[in-house]
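# Structural overview for review
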Amino acid sequence: MKIDVLVAEIGSTTTLVNAFQNIESGEPVFFGQGQAPTSVLDGDVRIGLQGAIDDLCRKKGLDHLEYKEMLATSSAAGGLKMTVHGLVYDMTAKAAKEAALGAGAIIHQVTAGKLRRTDLAKIKEINPNLIMIAGGVDYGERDTAIYNAEMIRSLGLKTPVIYAGNIENQEEMKLIFEDSGMPLYLVENVYPKIDELNVEPARKVIQAAFEDHIIQAPGMEHVRDMVNGPIIPTPGAVMECAKLLHDHLGDLVVLDVGGATTDLHSVTAGSEEISRILIHPEPMAKRTVEGDLGVYVNMRNIVEILGKENLEKELGFPLDEVMESYKFIPESEREVQFVERLTREAVLKAAERHAGRIRYVYGPSGRSTLAEGKDLTQIKYMIGTGGALTRLPDRKAIMKAIAKHNETGLLLFPSEAAEVLVDNDYIMASLGVLSKRWPEAALYFLEKSLDYKLR
């Protein structure tokens, strides 16, 4: 049998393939899903990809499966590791960081100002997939970015570099990285004017650079033998899907609670009232990733946040046996209760860290009200994806808890009127990459998965 499109999600531990048929018709079909262990660490990603296809064949009673196109998202081989280097932390460095996170990167280092020897040593130790250099508004300060570029070149790495700073430096950057073996991507300034963010062009270039160079990662060298379409970072694919949904639903957040991390994506401009008192600009589309909030790999971190004794008292049973027996997917009633509580805490903590807050500042003229961070007060929809928020029985109540978790009234949280939707088929990442070629089909499948009319 021949399928129109396969979308592979190459994770750190599991590889999924989602099969789609009649992709260009008015009623495309989600044919099925297969999975297998990821084989990047075995030296060849194709083993896991073929294993997932074989699993799909077994489920569908097929001898073999062919496909016209295969697209992919990947968080394997360490994901998209980046370091980001700007001029002022709250300005260009933050803008570059927002662009990188929104593209699906894992940020391993952010620096502001001229790089020190310790910074350079850390870059070499991290050995990132991409390095981003920013700094200076357009036609403003030039020297810091030039100095940092020269220092990065001196490291002798072969890592691609994205320059997204003062446009006056672009010709200088070409000279610095000429014959360096470090591919250079030039993009519009992420912070062209004071209090103006311009992160979308950089996001697109980051994803393009990722696609160009992920195939050189150990174990991924032969991925192009099977994948003949786009390859983007998995979190970046979820963001693409969130932005597509925003075009049809309006302001929204997407929550993705996983075994190791919790990601929160928001697409909203916020309210005019808050924007007038905002200290620093925020991007329209923002992603934060909490590396300590996972409900399997990092479950002990969340237990520690809650307090083991308090959690045992709340749940009414001892935790040691549950934590030892729980193997990624909760099975017993106690395991489900335990994971639901961890998920609720992960959601609340991630929302706290992502959302902005109101601050009161006292001066000679009395009290002033300021806001900092992302304004989520205009959010109309909260959407759950990932294993926990698509499978746990209490998933909708867990997300609803966000709006009630604003005891001081100072957090810029969604209101209780925000509607909760669930990615029931757990395919938002796949649809994010699918939308780059077939946006209408991606919308059709989103309607089915969310069980909600989008058009």
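Scroll up to find the structure this text is about.
Throughout what follows, the structure given in this document is the object of discussion. Small disclaimer: the values here were computed from a predicted structure and weren't measured.

### What to know about unusual backbone geometry
If you check the backbone angles, Asn22 has positive phi at about 55° while not being a glycine. For Asn22, the position within the fold is in the loop between strand 2 (14-21) and strand 3 (29-37). In the Ramachandran plot, Asp451 falls in the positive-phi region, its phi being about 55° despite a non-glycine side chain. Mapped onto the elements, Asp451 comes out in the segment after helix 16 (439-450).

### Side note on the environment of Leu446
As for its placement among the helices and strands, Leu446 is situated in helix 16. Along the sequence, Leu446 and Asn424 sit 22 residues apart, while their C-alpha atoms lie 9.5 Å from each other. Among all residues touching Leu446, those that are not within four sequence positions of it are Cys241, Leu244, Leu245, Met428, Leu431, Asp451 and Leu454.

### Quick notes on the packing of helix 9 (residues 299-306) against helix 12 (residues 333-354)
Relative orientation of the contacting elements helix 9 and helix 12 amounts to 75°, with a least axis distance of 10 Å. The angle between the axes of helix 9 and helix 12 places the two elements in the roughly perpendicular class. In this structure, helix 9 uses Met299, Ile302, Val303, Ile305 and Leu306 to contact helix 12, whose residues at the interface are Phe338, Arg341, Leu342, Glu345, Ala346 and Lys349. The residue inventory of the contact of helix 9 with helix 12, partitioned by class, reads eight nonpolar, no polar and three charged.

### Brief notes about the environment of Asp138
By the secondary structure assignment, Asp138 is in the loop between strand 7 (130-133) and helix 4 (143-153). On a C-alpha basis, the gap between Asp138 and Gly165 in space is 7.4 Å, while along the polypeptide they are 27 residues apart. Within the structure, the side chain of Asp138 is placed 3.1 Å from the backbone nitrogen of Ile167, a separation counted as a polar contact.

### Some points on the pattern of salt bridges
What the rule picks out here adds up to 23 salt bridges. Its salt-bridge partner being Arg287, residue Asp263 comes within 3.1 Å of it at the nearest N-O pair. With Asp263 in strand 12 (residues 262-267) and Arg287 in strand 13 (residues 285-290), this pair connects stretches of sequence that are 24 residues apart. The residues Asp263 and Arg287 share a single accessibility class, namely buried.

### Examining the sheet that holds strand 11 (residues 252-257)
A sheet is described by the order of its strands in space; here five strands give the open sequence 13-12-11-16-17, paired in mixed fashion. Every other strand in the sheet has two partners, leaving strand 13 and strand 17 (419-422) as the edge strands with one partner each. Across the sheet, the mean angle separating the axes of adjacent strands is 15° when strand polarity is ignored. This element, helix 12, spans strand 11, strand 12 and strand 13 of the sheet and lies at about 45° to strand 12.

### Quick notes on the side chain of Gln21
You can see Gln21 is positioned in strand 2. One polar contact links the side chain of Gln21 to the main-chain amide nitrogen of Asp4, over a distance of 3.0 Å. When sequence neighbours within four positions are dropped, the list of residues in contact with Gln21 reads Met1, Lys2, Ile3, Asp4, Pro28 and Val29.

### Digging into the sheet that holds strand 4 (residues 66-74)
Reading across the sheet, the five strands line up as 3-2-1-4-10 and stay open at both edges, with mixed pairing between neighbours. Two strands close off the open sheet at either side, each with one partner strand: strand 3 and strand 10 (231-233). The average undirected angle you get between the axes of adjacent strands in this sheet is 20°. Here strand 1 (residues 2-10) pairs with strand 2 via six bridges, running antiparallel.

Conventions we followed
Residues numbered from 1 in each chain as written. Predicted model: local features only at pLDDT ≥ 70, side-chain atom pairs only at ≥ 80, totals over all residues. Heavy atoms only, no water. Helix = DSSP H or I, 4+ residues; strand = E, 2+ residues; numbered from the N terminus. Contact = heavy atoms within 4.5 Å. Axes fitted to C-alpha atoms, helices over the stretch in contact; angles between N-to-C directions. Parallel < 35°, antiparallel > 145°, perpendicular 65-115°, else oblique. Nonpolar A, V, L, I, M, F, W, Y, C, P; charged D, E, K, R; others polar. Polar contact = N/O pair within 3.5 Å; in protein donor to acceptor, adjacent residues only side chain to side chain. Salt bridge = Lys/Arg side-chain N within 4 Å of Asp/Glu carboxyl O. Buried < 20%, exposed > 50% of the residue type's maximum accessible area, 1.4 Å probe, protein only. Pairing = 2+ DSSP bridges.

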